[in-house]
Amino acid sequence: MNSDWYSVRMRASIGSRHLSGAERLGRPEEVSTLTSRLTARAFAHVGGAPDNVNCTIEKLDAAEICQGFFPDVRTWQVTDFADGRLLASQLLVGAGVRAQVADSCIKLLAAGPAPGGAVMRGAMIVDAVSGQRLEPDAVRGVRVSRMDVAPDERSAVEEHLRQAGLGHPRVLEALVLAAKVLKAPGLLAELCWSDDPDYLTGYVATPAGGYQRINCLKERGSFSGGRVFLVDPHAWSRDPFIDFLQKKPVLLRGYPTIHPAESWGS
Ligand code: AMP
């Protein structure tokens with residue numbers, strides 16, 4: 001088999017508004033299938049038909065690809081988004097984020113973190129102690145890229161998640177992204193909830209706590225959402241952090257330990 005690897009990335013927009021983005025890593029013989037699957041996704045998006053779909057196919061330096069592993073998965077059931085956000089804040093604080101900073105990140109995601117209250121295409125980076133925004137571009141944010149499940153492990157991982165009731169493709173995608181983010185130097189925690197108005201589940205990921213899903217972090221019908229990477233100012237440096245997230249190819253092996261869902265109430 002050819003030992004080359006490619007990154008296949010899709011980005012769709014309506015006018016100047018970002019609609020959908022997704023990406024995979026694959027061998028040369030998989031590239032056309034991956035491209036057509038990602039394009040089909042752009043056209044199936046609930047947000048409407050795209051005006052523009054860009055697919056980028058890029059050969060990777062195979063020597064640069066590093067191996068990653070899935071974090072443990074926990075699911076917390078809360079009764080409403082207020083409780084969900086309280087829990088998210090506690091998990092962030094448990095990872096070393098200052099309480100005021102945790103709360104302000106939650107407020108920012110709820111209000112729309114880009115200027116004018118819009119959703120960002122990428123993630124914010126926030127100093128976990130001072131609360132300062134550190135991403136170079138507050139409209140775009142930082143987009144994590146070049147990560148995937150190792151192709152020979154994908155179907156086993158999908159089946160493993162399906163059997164645990166986590167078969168929604170979003171779960172695997174977010175888990176893959178979080179697994180890469182957790183390897184980033186200086187990262188303390190990630191907080192995410194989707195801007196999809198029908199998808200209320202979000203998560204907090206931390207090196208010690210793994211990937212902790214929270215079944216409700218927003219109101220149904222809300223278009224708010226986003227991601228924030230909280231960093232330790234004493235262990236973080238901008239260029240290596242951003243370079244790792246955007247450029248370093250990561251292939252995940254194995255599959256996650258999935259813990260039974262638990263209820264959480266304030
Ligand atoms: P999603 O879970 O795909 O709905 O994404 C939720 C939010 O996370 C988006 O609104 C973006 O702000 C952010 N986001 C999505 N994809 C990425 C990515 N690859 N890297 C960083 N942030 C992202």
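Up top you'll find the structure we're talking about.
Residues numbered from 1 in each chain as written. Predicted model: local features only at pLDDT ≥ 70, side-chain atom pairs only at ≥ 80, totals over all residues. Heavy atoms only, no water.

(A) Geometry of the site of the ligand. The immediate surroundings of the ligand are formed by 15 residues, with Met120, Gly122, Val144, Ser194 and Asp195 found nearest. Met120 has a polar backbone atom sitting 2.7 Å from an oxygen atom of the ligand. Between the ligand and Ser194, the relevant distance is 2.7 Å, taken from an oxygen atom to a side-chain nitrogen or oxygen of the residue. Contributions of two or more residues to the shell around the ligand are made by α5 (169-181) and β11 (226-231). Taken together, the residues of the shell around the ligand break down into seven nonpolar, three polar and five charged. (Near = heavy atom within 4 Å. Polar contact = N/O pair within 3.5 Å; in protein donor to acceptor, adjacent residues only side chain to side chain. Helix = DSSP H or I, 4+ residues; strand = E, 2+ residues; numbered from the N terminus. Nonpolar A, V, L, I, M, F, W, Y, C, P; charged D, E, K, R; others polar.)

(B) Fine view of the sheet that holds strand β7 (residues 147-149). Sheet architecture is open: three strands sit in the order β4-β12-β7, paired in parallel fashion. Looking at the sheet topology across the chains shown, the edges are occupied by β4 (66-69) and β7. Strand after strand, the sheet turns through a mean of 35° between neighbouring axes, direction not considered. One ladder, built from three bridges, connects β7 with strand β12 (residues 250-253); its direction is parallel. Within β12, the position partnered with Met147 by the bridge is Val250. (Pairing = 2+ DSSP bridges. Axes fitted to C-alpha atoms, helices over the stretch in contact; angles between N-to-C directions.)

(C) Examining the packing of helix α4 (residues 154-163) against α5 more closely. Running from amino to carboxyl end, α4 crosses α5 at an angle of 120°, the nearest separation of the two axes being 10 Å. The element α4 and its partner α5 pack so that their crossing is right-handed. Contact with α4, carried on its side by Arg154, Val157, Glu158 and Leu161, involves Val171, Leu172 and Leu175 of α5 and no other residues of that element. Residue classes in the contact of α4 with α5 are distributed as five nonpolar, no polar and two charged. (Left-handed = near helix turned anticlockwise from the far one by under 90°. Contact = heavy atoms within 4.5 Å.)

(D) Fine view of the pairing of β12. Looking at chain direction, β4 and β12 are connected through four bridges and run parallel. Bridging from a neighbouring strand, Gly68 pairs with Leu252 of β12.

(E) Highlighting the side chain of Asp148. Within the secondary structure layout, Asp148 lies in strand β7. By relative accessible area, Asp148 is classed as buried at 2%. A distance of 2.8 Å separates a polar side-chain atom of Asp148 from the backbone nitrogen of Leu25. Polar side-chain contacts of Asp148 include one of 2.6 Å to the side chain of Arg154. What Asp148 contacts, discounting residues up to four positions off in sequence, is Arg24, Leu25, Arg154, Val176, Val250, Leu251 and Leu252. (Buried < 20%, exposed > 50% of the residue type's maximum accessible area, 1.4 Å probe, protein only.)

(F) The arrangement of the sheet that holds strand β2 (residues 17-26) in detail. Overall, antiparallel pairing links the three strands, which are arranged β2-β1-β3 in an open sheet. With one partner strand each, in any of the chains shown, β2 and β3 (52-59) form the two edges of the open sheet. Geometrically, the sheet is characterised by an average inter-axis angle of 15° between neighbouring strands, direction not taken into account. Where strand β1 (residues 6-14) meets β2, nine bridges bridge the pair, whose relative direction is antiparallel. In the strand pairing of β2, Tyr6 is matched with Gly26.

(G) View of the layout of surface pockets. In this structure, the second largest pocket occupies an estimated 280 Å³ of space. Considering the residues around the second largest pocket, the lining is formed by 15 residues, among which Arg9, Arg121, Arg140, Arg143 and Ser145 are closest to the centre. If you list the elements that add at least two residues to the lining of the second largest pocket, you get β1, β2 and β3. Looking at the lining of the second largest pocket residue by residue, the class counts come to three nonpolar, five polar and seven charged. (1 Å grid on protein atoms, 1.4 Å probe; cavity = no way out; pocket = protein on both sides within 12 Å on 5 of 7 lines; lining within 4 Å. Points joined across faces, edges and corners; volume = space filled by probe spheres on them.)

(H) Molecular detail of the packing of aromatic side chains. The tally for this structure, following the rule as stated, stands at two aromatic pairs. Taken together, a centroid distance of 5.7 Å and an interplanar angle of 65° make the contact between Trp236 and Phe241 edge-to-face. Note on accessibility: Trp236 and Phe241 belong to one class, buried. The ring of Phe244 has Lys180 sitting right over it, with the charged end atom 5.3 Å from the ring centre. (Phe/Tyr/Trp six-rings, centres within 6.5 Å; stacked < 30°, edge-to-face > 60°. Lys NZ or Arg CZ within 6 Å of the ring centre and 35° of its normal.)

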